[in-house]
There are 2 protein chains.
Amino acid sequence: MKKLAIGIDIGGINTAFGMVDEQGELYAESVISTRKYPLLEDYTAYVADLCNALHTMAESLSFEYELVGIGIGAPNANIHSGLIEKPANLWKFRPDEENRDENRRLFPLATDISKSFNGVKVLITNDANAATIGEMVYGNAKGMKDFVMITLGTGLGSGFVANGEMIYGHDGFAGEFGHVIVERGGRECGCGRKGCLEAYVSATGIKRTAFALMATMNHKSKLRDVPFADFDSAMISAAADEGDPIAKECFRYTGEMLGRALADVVTVTSPEAIFLFGGLAKAGKHIFEPTQHYMEENMMYAFKNKVKLLPSGIQGKNAAILGASALIWQQQK
Amino acid sequence: MKKLAIGIDIGGINTAFGMVDEQGELYAESVISTRKYPLLEDYTAYVADLCNALHTMAESLSFEYELVGIGIGAPNANIHSGLIEKPANLWKFRPDEENRDENRRLFPLATDISKSFNGVKVLITNDANAATIGEMVYGNAKGMKDFVMITLGTGLGSGFVANGEMIYGHDGFAGEFGHVIVERGGRECGCGRKGCLEAYVSATGIKRTAFALMATMNHKSKLRDVPFADFDSAMISAAADEGDPIAKECFRYTGEMLGRALADVVTVTSPEAIFLFGGLAKAGKHIFEPTQHYMEENMMYAFKNKVKLLPSGIQGKNAAILGASALIWQQQK
């Protein structure tokens, strides 16, 4: 009988899910809103509605199959505990709520979903780790024992694989490479500190760079016609395609910050390859060329010209669902 | 029959070795000079003399035993290849040598020693990795799956363990944490770049700090009576014990540089504990207190007050021999 896994990708806006086989083929998919359930007390309704939607999808298939497990990628998800722990953008306190004890915001999603599916195995980890395992199971990291995945979205996520295994760390939260400090006292980061890598290298980071450069450079640029609130990183990529000097400098600077940070982390885990994934990675040579250049320029001699910088092999609209389902396939091996 | 492993610690000056059981008890030990064999063409004589000395030691035991393997800690040793690869301070070219192709400086020490011992298993890795495995087998990291070892000697070595396994990396040279850049354009490092952590945090690093502080501070200090060439880091420790303000500032600054770098690397591997090992670690609270303070001050919230900073449990004169022998015991498990 065909074996399938469910992959679930929980974002702040939507929760997307699908049924995937071991080769990464998608047999069904659907989506519900996450944003419709903003408060802590909405969590129960969210789980109920998600499980209903999952069952509807599961029953829609016209052939017999075995459901081997459910993999979930979600912010602040901990593979060790099965909890989503104090997520910044999910199921928050009401503004008027008095008991704002953050320990109330531990959501046992793995257990709750497993109950609805006769105790099937449910694994949960953060979205960057899920993408990393997706790269290993379906993507360009097949057969690699030591690699790094960098996911460039609103923030910068990462996953590290050593000896063929995901590094989750003692508490399950390893791989927060977006929060190494690259400029002491630098840009304010959403984490409450200053100078974190993701404040420079991410969709929001490069947007901040664009505005900083509009202040320091005098070149003409169509980027100057767009207000901050309407601006997005795809505009910088489009402008760079047309040779816009500010857009090109944006990418050079972003690649410098990323390349330096990668040169440092290579000394720790010595990966075979580093994969770039996500929106900013789609800028292609604009981001790959300066990142490669500055990574090699800053690399310790022992690692020079050894580490491949590659595009992810699981780009595309279903990458996050594939990544989440890969949590299950990886455990089957 | 008693099972024993041989542990060999190769330093630039001496090569020390001993016979160790699985509990870390030492049954015999000896030493030969490394410095006596400075040139590439001396390597063969070095191996012959080392093997002779090993056999003499092995035959000195008055009871029957089984030799299960030989573990070696040496600079630039690669566990994957069994080679010592282009070591900076061992078996160098003659000054007048014309063919200085560095690929001639790959020394198959594991194979050469195994041949002399009827093909017994010989494992080789760098000294910091050997100390890390020693900590796991005999020391304070027993039972830990995720930890970091920092060895503070002339330089700064490190070993990272994740999921219970040493991170060797794709090329065998992972764990060069001493060469992350902590100050861009900073102090010259032996690796040819500038601003590496070990130029600040190591026996030589803190000595450099002492001289920088004698230039910037006006306080009286007995450290001012010692010329650079005669100075060592133990003097700074002794002066700090007496309340010397320059010595105290030396440790505060060293702890700040180390604590910041540790806060960054915790985001990547999320260890249960970080161990400090070696000469500078013996300064006790002088180094532990500021390192702990600045590590926590710079730590991302998700990891705050979670990671233990601990002294190594395998300090002492035979630590390096124990660490090397632990390579064998770890593989027996």
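Residues numbered from 1 in each chain as written. Chains lettered and ligands numbered in written order. Predicted model: local features only at pLDDT ≥ 70, side-chain atom pairs only at ≥ 80, totals over all residues. Heavy atoms only, no water.

Novice: Is there a simple way to think about the overall build of chain A in this case?
Specialist: If you tally the helices and strands in chain A, you get eight helices and 12 strands. Principal axes of the C-alpha set define a box for chain A whose edges measure 60 × 50 × 40 Å. Buried positions account for 58% of the 333 residues belonging to chain A. Look at the contacts in chain A between residues 6 or more apart in sequence, and 63% of them connect residues 24 or more apart. Only carbon and sulfur atoms are counted for the fraction: they give 49% of the accessible area of chain A, which is about 13700 Å². Here chain A holds 33 positive side-chain charges and 40 negative ones, and the gap between their average locations is 4 Å. (Helix = DSSP H or I, 4+ residues; strand = E, 2+ residues; numbered from the N terminus. Buried < 20%, exposed > 50% of the residue type's maximum accessible area, 1.4 Å probe, protein only. Contact = heavy atoms within 4.5 Å. Areas by Shrake-Rupley, 256 points an atom, 1.4 Å probe, with all protein chains shown as cover. Lys, Arg positive; Asp, Glu negative; His and termini not counted. Charge placed at Lys NZ, Arg CZ, Asp CG, Glu CD.)

Novice: Would you explain helix α4 (residues 203-216) of chain A in this entry?
Specialist: Each turn of an α-helix holds 3.6 residues, which means side chains three or four residues apart point in the same direction. All names here are of chain A. Given a rise of 1.5 Å per residue, 14 residues ought to cover 20 Å, and the 20 Å separating the end C-alpha atoms of α4 matches this to within 8%. Among the residues of α4, Gly205, Ile206, Lys207, Thr209, Ala210, Leu213 and Met214 are the ones counted as buried. Packing partners of the buried residues in α4 comprise α5 (233-241) and α6 (245-269). (Expected span 1.5 Å × (residues − 1).)

Novice: What am I meant to see in the relation of the copies chain A and chain B here?
Specialist: Each of the two chain copies can be brought onto the other by rotation about an axis and movement along it. You can overlay chain A on chain B at an RMSD of 0.0 Å; the transform is a turn of 180° with a shift of 0.0 Å along its axis. Read as a symmetry element, the transformation amounts to a two-fold axis. An overlap of 100% is found between the interface residues of chain A and their copies at the interface of chain B, pointing to a shared contact surface. (Least-squares fit on C-alpha atoms with pLDDT ≥ 70 in both.)

Novice: Explain the interface of chain A and chain B here, please?
Specialist: A common measure of how large an interface is: the accessible area buried when the components associate. Contacts between the two partners involve 38 residues from chain A and, on the opposite side, 38 residues from chain B. For the pairing of chain A and chain B, the buried interface totals around 3300 Å² over both sides, and the portion due to carbon and sulfur atoms is 54%. Contact with chain B buries surface across chain A, with A:His170, A:Arg184 and A:Val268 losing the most and accounting together for 18% of the total. At the surface where chain A touches chain B, the tally comes to two salt bridges. Here A:Asp171 ties to B:Lys306 by a salt bridge, and the two come within 2.7 Å at their closest N and O atoms. (Buried area = accessible area lost by both parts, 1.4 Å probe. Salt bridge = Lys/Arg side-chain N within 4 Å of Asp/Glu carboxyl O.)

Novice: Any chance you could explain the pattern of salt bridges here in plain terms?
Specialist: Two side chains bearing opposite charge may form a pair once their charged atoms approach each other closely. Under the criterion given, the structure shown has 22 salt bridges over all chains. The partner of B:Glu256 in a salt bridge is B:Arg252, and the shortest N-O contact between them spans 2.9 Å. Taken together, the positions of B:Glu256 and B:Arg252, both in helix α6 (residues 245-269) and four residues apart, correspond to about one turn of that helix. With relative accessibility at 28%, the residue B:Arg252 sits in the partly exposed group. Connected via shared salt-bridge partners are A:Glu249, A:Arg252, A:Glu256 and A:Arg260.

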